[in-house]
Amino acid sequence: MKITVKELTTVGPTIHSSFATLPYQRDNSTRGSLSRPILAYQSPSCIKIVGDIHCFVADQEAGKPTVPAYLIQETESTLELIQLVIEYYSPMNLMDKALLTHAAIDLGVPRPMLAEQILPALELAPREKLIDQILFLLKLPPSLQSFIVDKDLSLKRALIFQRAEGHLEWVERFISNLKIGINMTAEIIQNVWEMSKNDEVDFKTKAQEMGLWEMADTDYEDNRLAIMEIREKINQARFPSLNQAGVDLSKTLDAAQLPDSMKIKWDPYFEQQGVQIAFHARDEEDLEQSLNKLKSPAFKNIFKHI
Amino acid sequence: MKEPKITRIIVDQKVADQELVQRYIKNNPQAKVVQQDITEADKEIMFKQEATPAKRDILLTEKQGHTVKQCPGTDRTYRCCNYHVINQTSNCPIDCTYCILQFYLNNPVTTVYANTDKLLTEVKDKIATQPKRFFRIGTGELSDSLAFDSSSEYSKDVVEYFATLPNVLLELKTKSNRIENLLDLDHQGHTVISWSVNPQVIIDAEEHKAASLYERLEAMRLVQERGYKIGFHFDPLLFHEEWKQSYPDLIRQLFEVVDPKNVAWISIGSLRFPPEMKDKVLEKFPKSKIMFAELIRGMDGKMRYPKPLRLEMYRTVYNSLRYYGGDDLFIYFCMESAEIWERVMGWSPESNEHLDHLFAMSLYKQFPGLMPTEPQRIDYDNGIPLHHEKADIPGF
């Protein structure tokens, strides 16, 4: 391997490399006199710029005759070149990793080699299956890609959007109208997908059945209301026995006619046995009345439920 | 059930002269045999290989350290029965969707400890230290007890060995119908052949290489005829659309074949797994629906059905067992709280030691002659585990 620092001329035709889409985030604000040189390599026919093309173009448009570059003059293999690119752009976000994977395929790196030698350098598991999964990110609408990068989503989380692959436009509307975060959106998609698989219906039908599909076209001023509504709809679909248990317990509590000053709390997942009872007693008589209510058979019925 | 096809037998030089090794080689003429000194580094390389359906390696090696361990479920959060396990074989060819083994032992190598004499002598020595207790020891924790038996004929070693031990029952737990080797053994009533059971609809969907229900029932019929005690494990109960009908149907079918008087014990448990297993199941078994059921994170951190649903399932199974099998059946919950016992059965063991004693009492009453004297509670309350180290699956 041989790398030199060189002034590349901005005059004449520019041939970009397979890495030309790197990096995903193109922030010009850091580009100043102290910015690091761009990366380029010597191909058999010409010098190719690896990435940061926008910086090169900006300098070109500003009339600068040359730009500083790290020029990779010799590498032992394409693999070594890719490793250098990874090193140059580290730490990479998920979209950078997807772009790099795409570039590696474009350069003809065989999939098994890509899986075994490139993916670990990208801090990904060395599994061929992951190649297609990470490439899927490139199919996402730009707004979702930005969210993934901004929120630093894990690959596992980001891949949840695959579950709604045919409905990404709906996903975008959902996020934009309901003003909910990317993580919650992923959670919603996962739930709809799981329920659709369970009931053997397609994603859209299930989202419609759950009452979530049309929500994407509702404009919520306060996203907390949207979130509450979504949670309720998901819980109703996913936890039928828990919901029923909650309804039964509430009915039993209603039948016990407890005073308003008495608050009963329970584990919503019903794992913890029993209830927490809190009440305020004004005086001895009030206390007596409250205790009598608690001793009543109607109240004791709740322990059949929890 | 199809026999798992072994492609390669790797023999650690240290156990090359063991009979078990010769059996594996004799019974698998198609397998390539490699004999070498095996180091820990060699094993690590083997275990790193990705599991594929076409490849099954058997590593025959030497067990170092202790063999008999406590069942890993044994702790104080839930009621457990003080069961002990021998892990002679690690890895299972049956590939059940819900099985935690696939994720902890996700490699194509099945490790078999071939120094049988050492393993069995350890059992004998350890149970001799507490002669007043009656132990239950199983081989079906890290593998199906009988799935490899046509190759290993290991049942011949253990069944007849346990027949000579005064204060222990051996449990061979299986989803197979590989019982041929058991039929002519002199077991002396000291072996329980137990089956994990589920309705055929679940076997088809989730227990991919297991014997069908019909095959299991036929196997039960045969071992019962040969005087073996029988066990049933309704574990895991799996929620599915027709579960309210299919579990009672299953129980009816079982008791059409098996006489309740021959049933040593019956366990009930429901699906439970560490949360991280979900994605792996979805990836490995994309057609399975079990991960889409109503599941919550339980107090032990594992995913489970919510208690109201568990209770409904348990009551259905428990009531059907009583209906078809009678009041004398010894039924217990595996890894469930005292509350669940109370709400389903109307009582609960006071402690794990109490449950252990109840097992012994039930066996004493049901199988006269199995124990010379009535088990005393104090011997169980003061009992100590045969080995304090728990078996090898974390958190299970």
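Nothing here was measured: the structure is a model prediction, and the numbers come from that model.

So, how was this worked out
Residues numbered from 1 in each chain as written. Chains lettered and ligands numbered in written order. Predicted model: local features only at pLDDT ≥ 70, side-chain atom pairs only at ≥ 80, totals over all residues. Heavy atoms only, no water. Helix = DSSP H or I, 4+ residues; strand = E, 2+ residues; numbered from the N terminus. Buried < 20%, exposed > 50% of the residue type's maximum accessible area, 1.4 Å probe, protein only. Contact = heavy atoms within 4.5 Å. Areas by Shrake-Rupley, 256 points an atom, 1.4 Å probe, with all protein chains shown as cover. Buried area = accessible area lost by both parts, 1.4 Å probe. Salt bridge = Lys/Arg side-chain N within 4 Å of Asp/Glu carboxyl O. Polar contact = N/O pair within 3.5 Å; in protein donor to acceptor, adjacent residues only side chain to side chain. Nonpolar A, V, L, I, M, F, W, Y, C, P; charged D, E, K, R; others polar. Patch = residues over 30% accessible without salt bridge, like charges linked within 9 Å, V, L, I, M, F, W, Y side chains within 5 Å. Core = buried A, V, L, I, M, F, W, Y, C linked by side-chain atoms within 4.5 Å. Domains from an automatic or database assignment. Axes fitted to C-alpha atoms, helices over the stretch in contact; angles between N-to-C directions. Parallel < 35°, antiparallel > 145°, perpendicular 65-115°, else oblique. Left-handed = near helix turned anticlockwise from the far one by under 90°. Pairing = 2+ DSSP bridges. Expected span 1.5 Å × (residues − 1). Phe/Tyr/Trp six-rings, centres within 6.5 Å; stacked < 30°, edge-to-face > 60°.

Some words on the overall build of chain A
Tallying secondary structure elements over chain A gives 14 helices and six strands in all. The principal-axis extent of the C-alpha atoms belonging to chain A is close to 95 × 45 × 35 Å. Each of the 306 residues in chain A was classed as buried or not, and the buried ones make up 43%. Restricting the contact set of chain A to residue pairs at least 6 apart, pairs at least 24 apart contribute 68%. Total accessible area on chain A stands at roughly 16,500 Å², and carbon and sulfur atoms take up 50% of it.

Here we look at the interface of chain B and chain A
It is common to give the size of an interface as the accessible area lost on bringing the parts into contact. Across the contact, 21 residues belong to chain B and 25 residues belong to chain A. Roughly 1,900 Å² of surface becomes buried between chain B and chain A when both sides are summed, with 48% attributable to carbon and sulfur atoms. The largest per-residue losses of area from chain B upon contact with chain A belong to K289, F292 and E294 of chain B, which jointly make up 31% of the total buried on that side. For D279 of chain B, the salt bridge identified is with K156 of chain A, shortest N-O distance 2.6 Å. Scanning the region where chain B abuts chain A turns up 12 residue pairs in polar contact (both at pLDDT 80 or more). Residue assignment for the side of chain B that touches chain A shows that the elements contributing at least two residues are helix 10 (277-284), helix 11 (307-325) and helix 12 (338-345) of chain B. Classifying every residue of the side of chain B that touches chain A by side-chain character gives 11 nonpolar, one polar and nine charged.

Quick notes on a nonpolar patch on the surface
Taken together, the side chains of M1, I3, V5 and Y70 of chain A define a hydrophobic patch exposed on the protein surface, amounting to about 390 Å² of accessible area. Within the secondary structure layout, Y70 of chain A lies in strand 4 (residues 66-74).

Digging into the nonpolar core
The biggest cluster of nonpolar side chains holds 194 residues, and the ones touching the most others in it are L137 and F161 of chain A together with F232 and F234 of chain B. Residues contacting F232 of chain B, with those up to four places away along its chain left out, are S194, W195, V197, M220, L254, F255, V258, V263, W265, I266 and S267 of chain B. L242, I264, L294 and F299 of chain A belong to the second-largest nonpolar core, a separate cluster that totals 16 residues.

Observations regarding the pattern of salt bridges
All names here are of chain A. Summed over all chains, the structure comprises 49 salt bridges over all chains. Across the salt bridge formed by K179 and D219, the nearest N and O atoms sit 3.3 Å from each other. A residue pair is termed long-range when its members are at least 10 positions apart, and K179 in the loop between helix 8 (168-178) and helix 9 (182-199) and D219 in the loop between helix 10 (203-209) and helix 11 (223-238) qualify at 40 residues. For K179, a relative accessible area of 43% puts it in the partly exposed group. When its relative accessible area of 60% is taken as the criterion, D219 is described as exposed.

Some points on the domain arrangement of chain A
The assigned domain composition of chain A is domain 1 (1-139) and domain 2 (246-304). Centre-to-centre separation of domain 1 of chain A and domain 2 of chain A, based on C-alpha positions: 66 Å.

A closer look at the packing of helix 8 of chain A against helix 9 of chain A
Residues and elements named next belong to chain A. Look at helix 8 against helix 9: their axes get within 11 Å of each other, and the N-to-C directions meet at 135 degrees. When the axes of helix 8 and helix 9 are compared, the pair comes out oblique. The two elements helix 8 and helix 9 meet at a crossing, and its hand is right-handed. Between helix 8 and helix 9, the residues in contact are V171, F174 and I175 and I182, T185, I188 and I189, respectively. Considered class by class, the residues forming the contact of helix 8 with helix 9 number six nonpolar, one polar and no charged.

Quick word on the sheet that holds strand 2 (residues 32-36) of chain B
Residues and elements named next belong to chain B. Strand order in the open sheet formed by five strands is 2-1-3-7-6, and the pairing between neighbours is mixed. Each of the sheet's edge strands pairs with one partner strand only, and the pair in question is strand 2 and strand 6 (89-90). As paired strands, strand 1 (residues 8-12) and strand 3 (residues 57-61) are joined by four bridges and run parallel to one another. The partner of I9 across the bridge, within strand 3, is I58.

Quick notes on the pairing of strand 10 (residues 191-196) of chain B
Judged by how many residues are buried, strand 10 of chain B sits mostly within the fold: six of six residues are covered. In strand 10 of chain B, alternate side chains face the same way, and those of T191, I193 and W195 of chain B on one face and V192, S194 and S196 of chain B on the other are all buried.

Details of helix 9 (residues 243-257) of chain B
All names here are of chain B. The first and last C-alpha atoms of helix 9 sit 21 Å apart over 15 residues, in line with the 21 Å expected at 1.5 Å per residue. Among all positions in helix 9, only W243, S246, Y247, P248, L250, I251, L254, F255 and V257 are buried. Its buried side turned inward, helix 9 meets helix 8 (213-225), strand 11 (229-237), strand 12 (263-270) and helix 11.

Digging into the packing of aromatic side chains
All names here are of chain B. As enumerated under the stated definition, the model contains 18 aromatic pairs over all chains in all. Ring centres of F232 and F234 lie 6.4 Å apart, and the angle between their planes is 70 degrees; this geometry places the pair in the edge-to-face category. Between Y332 and F359 the ring centres are 4.7 Å apart and the planes differ by 70 degrees, which places this aromatic pair in the edge-to-face class. On the criterion of sequence distance, the pair formed by Y332 in strand 16 (residues 331-333) and F359 in helix 13 (residues 352-366) is long-range, its members being 27 residues apart.

Section: the sheet that holds strand 2 (residues 38-42) of chain A
All names here are of chain A. With respect to topology, four strands assemble into an open sheet ordered 1-4-2-3, the strand pairing being mixed. Two strands close off the open sheet at either side, each with one partner strand: strand 1 (2-9) and strand 3 (47-49). Neighbour-to-neighbour, the strand axes of the sheet open up by a mean angle of 35 degrees, direction not taken into account.

Remarks on the pairing of strand 5 (residues 262-265) of chain A
Successive residues of a regular strand alternate their side chains across the two faces of the sheet. All names here are of chain A. Burial of the side chains of strand 5 is restricted to one face: M262 and I264 are buried, whereas none of K263 and K265 on the reverse face is. Taken together, the four bridges between strand 5 and strand 6 (residues 276-279) define a ladder with antiparallel strand orientation. Across the sheet, residue K265 finds its bridge partner in strand 6, namely Q276.

Quick notes on the environment of N235 of chain A
Note on placement: N235 of chain A falls in helix 11. Of the residues examined, N235 of chain A reaches a relative accessible area of 34% and is grouped as partly exposed.

Brief notes about the environment of D95 of chain B
Residue and element names in this part refer to chain B. Checked against the element boundaries, D95 lands in the loop between strand 6 and helix 3 (101-104). When the C-alpha positions of D95 and F285 are compared, they lie 10.0 Å apart, and in sequence the two are 190 residues distant. Apart from residues lying up to four places away in sequence, D95 is in contact with Q102, E206, H208, K209, K284 and F285. There is a polar contact of 3.4 Å between the side chain of D95 and the side chain of K209.

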